[in-house]
Amino acid sequence: MDHIPSVIFGLCSYTHDSAAALLVDGELIGFVEEERLSQHKHTKAYPRLAVEWLLGEAGLTADDVDAVAYNFQPARYLVECPAALRLALSAITRDRALARAQGFAKVALRTQQRVRALGRLFPSARVVPVLHHRAHQLAAFAASGWNESAVLVVDSLGERQTTTIARGRDMLRPRTRTVEAVCDPASLGYVYGAVTEHLGWRRGDEEGTVMALAALGDPKRFRHLFARAVRTTPTGFRVDPAYFPPRALTSGYPRTSLRFIGETCSQRHPDEPLADVHRDLAAALQERTDQVMLHLARRARMLTRSRRLCVGGGVATNCVSIGRIIEADIFDQVFVPPAPGDAGTAIGAAVAVHVDSGSRRPVSGVARSCYLGPSFPEPALDLTAWPQLQQKTLGIETAEFLADQLAHGVIVGLFQGRVEAGPRALGNRSILASPLEPGVVERLNATVKYREPFRPFAPMVLAERAEEFFTLGQEAPYMSMASGVTATARERVPSIVHANGTSRLQTVSKLQNPFVHAVLTAFARRTGVPVLINTSLNVKGKPICGTPAMALDCLADSGLDALLLEGRWITK
């Protein structure tokens, strides 16, 4: 660069899960997914509202921006074009060869056009494309706060890479060095998305539903199929195109083959009742995903010799696989950032540009931070648009009041402080409920969240008492890890234990979230149990509520009993 940039925007835009992050002299001013402000889940639109909020937060204008870090490099797609033509040598993949080459070329051109479009939005800035997996690596490693670790990124596709193993160093000026990579068409994220779609759910959105369904099935039925379809190799894994044809990056090409359908089942319609074959297919998929992720984790340990592991990419949201890695005791500690998917690459891309610029200023505000979005400390609540709602202002004992309401079976939406980063509500945009209330899971699924009855709800627990109920053996601040449970948990809070005997827990410390820690403490004082059910403040198909208006809509349109919004108690 001609000069060291001071103001750097990191952007994830035009693909899915648009988001923006802003670094000023190395300090993270904030980060937010566009969906939290626009109400369009997984939006791929340019994150206009997120950018406007960040500029306002920093007191800047678009003309003040020195660099824009974009989370893809256009030229990298072109490398796949000649490689794709080699598919013509096999009868199994011949029909995909030309379409794949053309698809990667078109995406390269489209990505370059997007880079130019961003340049027009920030006239004083240089737009810097960042390798997608590098952005994932830095987002994960910088968030860990560690000075050194292995970094494993597993997703569907980043230009050509689908899996990378890297070594991360220096928490003040985070850097990663890739030591091994797996390229498409070997893609674990692609396979999981393909089966999600085959089972009748939305690819890129409802993989978590398939993960939950897996606990109800028997993997033996399709175990050998997935062992053939996704084979581990000494340096990673490969995907058999006879089951999952190579992607073409263009519509009209199915992700599962006729052979896959013939050996499993026909594609399920979303309204079709679930059968044992669907449950068993999900179970075998999850089992194979766990096995491949464990193989990759062991590979990362061997290549880096590190005792710590950071995991990023879309597959890092598979909390069951992350739990399996922790249980295997390959590493002393495992870390998943709050936003491991593509949205978080906005942070990683910005960090990449900052450290590459030669700036002597350390990166700050990223490590162990999850509450990074907008806050509304004193919202002017005009309830005219919600005539069925009424409000009152609470006093200083808000945590005690909320704990008492929860102990009496009230299901409450909680809206406080800054919006969380990532796909999980972590106590600032949450729905809380007592795990002791009879039928609470059924009520939450049927009347509050409007989702499948087999889906479990995650617990939050006081960090200092986690070992009484969970066997994970490490902190889990971002609800990204499935843990085994103790006999105490099975006896006292069976509602938070899924069919596979695990819970996707969030450990809450006083330092991380003082208010939620106080609520858990007060709830434990009343009930003897330092555990609450925590799910995101939204209903199925909608993004987590980022604004007061979104939260009020959620209360009005769902079976929520009440909403605690910045000290206001709002009821129907």
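Right above here is the structure, for reference.
Below: a short report on this structure. It should be emphasised that the depicted structure is a prediction, and the values quoted were computed from it without experimental measurement.

Considerations on the overall build of the protein
A count of helices and strands for the protein gives 18 helices and 21 strands. A burial count over the protein gives 61% of its 572 residues as buried. For the protein, contacts bridging at least 24 residues in sequence account for 72% of all contacts bridging at least 6. Here the protein displays about 21900 Å² of accessible surface, and carbon together with sulfur accounts for 51% of that area. Positive and negative side-chain charges of the protein, numbering 65 and 56 respectively, have mean locations separated by a distance of 6 Å.

Examining unusual backbone geometry
Residue P185 is reached from D184 by a cis peptide bond, and omega for that bond is 20 degrees. Within the element layout of this structure, P185 appears in the loop between β8 (175-183) and α7 (188-198). In this model, Q39 sits at a positive phi of 70 degrees, which is unusual for a non-glycine residue. Here Q39 falls in the partly exposed class, since its relative accessible area comes to 39%.

Focus: the nonpolar core
By size, the foremost hydrophobic cluster in this structure holds 99 residues, and its most contacted members are F226 and F244. Sorting elements by how many residues they give to this core places helix α11 (residues 276-304) first, with 11 residues. Not counting the four nearest positions on each side in its chain, F244 is found in contact with Y190, V191, A194, V195, F226, A229, V239, R255, T256 and F260. Judged by nonpolar contacts, the second largest core, of 43 residues, contains A67, A143, A346 and A349.

Some words on the packing of aromatic side chains
As enumerated under the stated definition, the model contains 12 aromatic pairs in all. Here F9 and F122 contribute two aromatic rings whose centre-to-centre distance is 5.5 Å and whose plane-to-plane angle is 45 degrees, an arrangement assigned as tilted. One end of the pair, F9, is in strand β1 (residues 7-12); the other, F122, is in the loop between α5 (94-121) and β5 (126-129), with 113 residues separating them in the sequence. Assessed through its relative accessible area of 0%, F9 is described here as buried.

Description of the sheet that holds β5
Read across the open sheet, the five strands follow the order β3-β2-β1-β4-β5; overall the sheet is mixed. The sheet is open, and its two borders are formed by β3 (27-33) and β5, each paired with just one other strand. Looking at each pair of strands side by side, their axes are set apart by 20 degrees on average, direction ignored. In this sheet, strand β2 (residues 19-24) lies alongside β1 in antiparallel orientation, the contact comprising six bridges. Bridge pairing in β2 places V7 opposite V24. Lying on the sheet, helix α2 (residues 48-58) is in contact with β1, β2 and β3; it crosses β3 at an angle near 155 degrees. Contacting β1, β2, β3, β4 (67-70) and β5, helix α13 (residues 345-356) runs over the sheet at an angle of about 145 degrees to β1.

Examining the pairing of strand β18 (residues 502-508)
Where a strand is regular, its side chains alternate between the two sheet faces. Burial analysis of β18 places six of its seven residues in the buried class, the great majority of the element. The sheet contact formed by strand β16 (residues 458-462) and β18 spans three bridges and is parallel. Directly across from V461, in β18, lies its bridge partner T507. Looking at chain direction, strand β17 (residues 481-484) and β18 are connected through four bridges and run antiparallel. Looking across to β18, one finds that M481 is bridged to L505.

Description of the packing of helix α8 (residues 207-214) against α11
α11 packs onto α8 with a crossing angle of 100 degrees between their chain directions and a minimal axis gap of 7 Å. On the basis of their axis angle, the class for α8 and α11 is roughly perpendicular. Between α8, through V210, M211, L213 and A214, and α11, the contact on the second element is made entirely by H278, R279, A282, A283, L285 and Q286. Among the residues making up the contact of α8 with α11, the classes are represented as seven nonpolar, two polar and one charged.

Considerations on the side chain of S18
In this fold, S18 is placed in the loop between β1 and β2. Exposure remark for S18: the relative accessible area of 1% places this residue in the buried category. Setting aside residues no more than four positions away along its own chain, S18 makes contact with C12, S13, E33, E34, T43, K44, A45 and P47.

Concerning α11
Because the α-helix completes a turn every 3.6 residues, residues three or four places apart line up on one side. Its 29 residues give α11 an end-to-end C-alpha distance of 42 Å, which sits within 8% of 42 Å, the value for a rise of 1.5 Å per residue. The positive-phi residue at the C-terminal boundary of α11 is R305, with phi of around 65 degrees.

Looking at the environment of Y77
Within the fold, Y77 resides in helix α3 (residues 74-78). Sequence spacing of Y77 and Q405 is 328 residues, and the spatial spacing of their C-alpha atoms is 54 Å.

Some words on the sheet that holds strand β7 (residues 161-169)
Strand order across the open sheet formed by five strands is β8-β7-β6-β11-β12, with mixed pairing between neighbours. The open sheet has two edge strands, β8 and β12 (333-335), and neither has a second partner. When strand polarity is set aside, the average angle formed by the axes of neighbouring strands in this sheet is 20 degrees. Relative to strand β11 (residues 308-312), strand β6 (residues 148-158) runs parallel, the two sharing four bridges. In the sheet register, L152 faces β11, and the bridge partner there is V311.

Topic: the environment of A242
For A242, the location among the structural elements is in the loop between β10 (236-239) and α10 (258-263). Along the chain, A242 and S434 lie 192 residues apart, while their C-alpha atoms are 48 Å from each other. Excluding residues within four positions of it along the chain, A242 makes contact with I92, S257 and R259.

Some thoughts on the pattern of salt bridges
Scanning the entire structure with this criterion turns up 32 salt bridges. The salt bridge partner of R202 is E206, with a shortest N-O separation of 3.7 Å. A relative accessible area of 44% places R202 in the partly exposed class. The salt bridge partner of E263 is R259, with a shortest N-O separation of 2.9 Å. Of the two residues, E263 and R259 are both situated in helix α10; the distance of four residues between them amounts to about one turn of the helix. R259 sits in the partly exposed class, given a relative accessible area of 40%. Ionic contacts of the salt-bridge type, sharing partners, join the residues K41, R202, D205, E206, E452, R455 and K540 into one network.

A word on the side chain of T345
Among the secondary structure elements, T345 is positioned in helix α13. Looking at T345, the relative accessible area reads 0%, which means it is buried. A distance of 2.5 Å separates a polar side-chain atom of T345 from the backbone oxygen of D342. Sequence-distant contacts of T345, defined by excluding residues within four places in its chain, comprise C12, N71, H132, A135 and H136.

Conventions we followed
- Residues numbered from 1 in each chain as written.
- Predicted model: local features only at pLDDT ≥ 70, side-chain atom pairs only at ≥ 80, totals over all residues.
- Heavy atoms only, no water.
- Helix = DSSP H or I, 4+ residues; strand = E, 2+ residues; numbered from the N terminus.
- Buried < 20%, exposed > 50% of the residue type's maximum accessible area, 1.4 Å probe, protein only.
- Contact = heavy atoms within 4.5 Å.
- Areas by Shrake-Rupley, 256 points an atom, 1.4 Å probe, with all protein chains shown as cover.
- Lys, Arg positive; Asp, Glu negative; His and termini not counted.
- Charge placed at Lys NZ, Arg CZ, Asp CG, Glu CD.
- Core = buried A, V, L, I, M, F, W, Y, C linked by side-chain atoms within 4.5 Å.
- Phe/Tyr/Trp six-rings, centres within 6.5 Å; stacked < 30°, edge-to-face > 60°.
- Pairing = 2+ DSSP bridges.
- Axes fitted to C-alpha atoms, helices over the stretch in contact; angles between N-to-C directions.
- Parallel < 35°, antiparallel > 145°, perpendicular 65-115°, else oblique.
- Nonpolar A, V, L, I, M, F, W, Y, C, P; charged D, E, K, R; others polar.
- Expected span 1.5 Å × (residues − 1).
- Salt bridge = Lys/Arg side-chain N within 4 Å of Asp/Glu carboxyl O.
- Polar contact = N/O pair within 3.5 Å; in protein donor to acceptor, adjacent residues only side chain to side chain.

What is shown is where atoms sit, not what they do.
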